[in-house]
Amino acid sequence: MDSISNDEYDSAIYSVDSILFSGSGKLNIVSTMKGIYSKNIIVFRDGNYVIDCNDDGIKGVNGIAIINGNFDIKTLSDGLKTSNDNNSDLGYIIIDNGNFNIKADGDCLESNNYLYFYNGIINAQSAEGYKKVKNDKSAKGIKAVNNIVLVNGEFVLNCMDDAIHSNGDIAIYNGNINIKTGDDGIHADNNIYINDGNIDISYSYEGIEGKNITINRGNYNIVSNDDGINGTGNKKIVDDDKLIGDGSVIINDGIIKVSTKSDGIDCNGSIIINGGKIYLEGANLGPNSALDYYHLEINGGTLFAIGGIGADDKGDIDAKQPVIFVTLSKFYDGEINIGKLSYIPSIKYKSIIISSSLLLSNKEYVFRIGENTKKIRINDKVTKIEKFM
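The present account deals with the structure reproduced in this document. (Residues numbered from 1 in each chain as written. Predicted model: local features only at pLDDT ≥ 70, side-chain atom pairs only at ≥ 80, totals over all residues. Heavy atoms only, no water.)

Bringing the sheet that holds strand 43 (residues 372–378) into the picture now. Within the open sheet, the four strands sit side by side as 40-39-42-43. Their pairing is antiparallel. Strands with a single pairing partner mark the edges of an open sheet, and in this sheet they are strand 40 (341–343) and strand 43. Neighbour to neighbour, the strand axes of the sheet diverge by 15° on average, direction disregarded. Here seven bridges tie strand 42 (residues 363–369) to strand 43, and the two strands are oriented antiparallel to one another. Directly across from Glu364, in strand 43, lies its bridge partner Arg377. (Pairing = 2+ DSSP bridges. Helix = DSSP H or I, 4+ residues; strand = E, 2+ residues; numbered from the N terminus. Axes fitted to C-alpha atoms, helices over the stretch in contact; angles between N-to-C directions.)

This model, assessed by the stated rule, comprises 17 aromatic pairs. Ring centres of Phe44 and Tyr49 lie 4.9 Å apart, and the angle between their planes is 75°; on these two criteria the pair is classed as edge-to-face. A residue is classified by how much of its surface remains accessible, and Tyr49, at 6% relative accessible area, is buried. Ring plane angle 35° and centroid distance 5.4 Å describe the contact between Phe304 and Tyr343, whose orientation is recorded as tilted. Taken together, the positions of Phe304 in strand 36 (residues 302–307) and Tyr343 in strand 40 put the pair 39 residues apart, joining distant regions of the chain. Each member of the pair Phe304 and Tyr343 is classed as buried. A connected cluster of aromatic rings, assembled from ring pairs, spans Phe21, Phe44, Tyr49, Phe71, Phe100, Phe117 and Phe155. Here the guanidinium or amino end of Lys34 rests over the ring plane of Tyr37, the centre of that ring lying 5.1 Å away. A cation over a ring is seen here: Lys384 above Phe325, with NZ or CZ 6.0 Å from the ring centre. (Phe/Tyr/Trp six-rings, centres within 6.5 Å; stacked < 30°, edge-to-face > 60°. Buried < 20%, exposed > 50% of the residue type's maximum accessible area, 1.4 Å probe, protein only. Lys NZ or Arg CZ within 6 Å of the ring centre and 35° of its normal.)

Right under this line is the structure:
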């Protein structure tokens, strides 16, 4: 048997080996220590668990595997936690269905390897929630050292720290995700891939942040104090002080609405729009803008990007459909209309970017801002209109 230190006994239920909980019964734990602790793997198959403790709610050093069940966890530390960092196959959290109500002063779910979640419901609050001043303590909603995969499911995350955080990659396949956070809504150090889903980030520092972000489908509402969507990447200066980067934001389809006090979409690299309906409201003051990029490629979809005068058109542009950049002499509000396209911003704006396959080159349009109208002609794929009013 492995040697056991005294503090490892500080748990209501403790085992040096794996533990299996199975059945439809109910387990209630009130503890000044940990709730359930195993130095190996903890497996749950159904059942009802109510845990109120001062230390970690459920800790399996080598792994936690859950197949259904109802979990109500309140803790002054972490909710579900693994800690093995010596074996790349261990330290995981795998959940196949289940209902989770977690209130943790630390991380609600923390995996020291990968975290896979299939179906189920998570309602989680870390620390005092999204409006609490952030401190040095990790207080994330869903956290993994390696990859996170979320398949279906319902998530309500109210977090002081990042709501969903991976040091590796994040993949989301459908589901409903509602986030309020004092830091990032969805953050990956590497890549984020979202195949589908309904994602509502109603309060955040940054909405979605990763080196490379791919959105295939889905509905997105993002409110942020900093960038709404941020493809971080690595940037460098090349010939003639030109900036390039290896980050990317690729949008293939979906309905995306961003309201931010900074950049709507910011990328140290390429923003590539292949489809979808994208409505960005960026900061209307300072150097920020609705779009900030080194390279912009538009192959389809509809884009309205509204904000102040920032970095909207400072990078390279490759467009397979018309793109219109409009600069206004002062701030305006009210509906924007051109051809069959219209959008009603919620902010005052001085800069407008519009692109759509419904716009045609070599054609004259009536452009309307509120009660103001002007005839414009789209002569090429990129049309710049300076000092429209």
